[in-house]
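Examining the three-dimensional arrangement
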Amino acid sequence: MAKCDYPGCTEKSYIISRLSPDGFLVATGNKAYSFREAYKRFGYCEKHHDELMKSVWNRVRDSDGKDDDHVAPTAI
């Protein structure tokens, strides 16, 4: 089993996610016909996946900082 993609973590990854360690979707750069093909996959341990999800939902609920170029995971 692969290790967690969160920087500095040495735990095994159990959860596959489309969120990067920065909490954003990262395009594969390939011509894609589905969500699965369009965005890179990452693996996380449960602790870091939960932290990422918490930060994403806090960012989505917060009214500040919505003018950046990143696609919110809920937009797809």
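As a rule of thumb, nonpolar side chains are buried together in soluble globular proteins. Residues Cys-4, Cys-9, Leu-19, Phe-42, Tyr-44, Cys-45, Leu-52 and Val-56 constitute the largest nonpolar core, which totals eight residues. Counting only elements with at least two residues in this core, the list comes to β2 (42-44) and α2 (46-61). For Leu-52, the residues in contact, after removing those within four places along its chain, are Tyr-6, Leu-19, Ser-20, Pro-21, Gly-23 and Tyr-44.

Now for the state of the cysteines. By definition, a disulfide is the covalent link that joins the sulfur atoms of two cysteine residues. Tallied over the full model, the rule gives zero disulfides. You can see Cys-9 has no disulfide; the closest cysteine sulfur is in Cys-4, sitting 3.9 Å from it. The structure places no disulfide on Cys-45, whose sulfur is separated from the nearest cysteine sulfur, that of Cys-4, by 3.9 Å. Since its relative accessible area comes to 6%, Cys-45 is described here as buried.

Before going further, it helps to spend a moment on the packing of aromatic side chains. Summed over all chains, the structure comprises two aromatic pairs. Centroid distance Phe-35 to Tyr-39: 5.3 Å. Interplanar angle 50 degrees. Geometry classified as tilted. Assessed through its relative accessible area of 15%, Tyr-39 is described here as buried. Centre to centre, the rings of Phe-42 and Tyr-44 are 6.4 Å apart; their planes meet at 25 degrees, and the pair counts as stacked. Residue class for Phe-42 comes out buried when judged on its relative accessible area of 14%.

Take α2 next. Look at α2: 22 Å from first C-alpha to last across 16 residues, which is about the 22 Å you get at 1.5 Å a residue. When we look at burial in α2, the residues that qualify are His-48, His-49, Leu-52 and Val-56. The buried residues of α2 occupy one face: seen down the axis, they fall within an arc of 105 degrees. The exposed set on the far side of α2, more than 90 degrees from its buried face, consists of Glu-46, Lys-47, Lys-54 and Arg-61. If you follow the buried residues of α2, they end up packed against β1 (15-17) and β2.

Calculation notes
- Residues numbered from 1 in each chain as written.
- Predicted model: local features only at pLDDT ≥ 70, side-chain atom pairs only at ≥ 80, totals over all residues.
- Heavy atoms only, no water.
- Core = buried A, V, L, I, M, F, W, Y, C linked by side-chain atoms within 4.5 Å.
- Buried < 20%, exposed > 50% of the residue type's maximum accessible area, 1.4 Å probe, protein only.
- Helix = DSSP H or I, 4+ residues; strand = E, 2+ residues; numbered from the N terminus.
- Contact = heavy atoms within 4.5 Å.
- Disulfide = S-S within 2.5 Å.
- Phe/Tyr/Trp six-rings, centres within 6.5 Å; stacked < 30°, edge-to-face > 60°.
- Expected span 1.5 Å × (residues − 1).
- Arc of directions from axis to C-beta.

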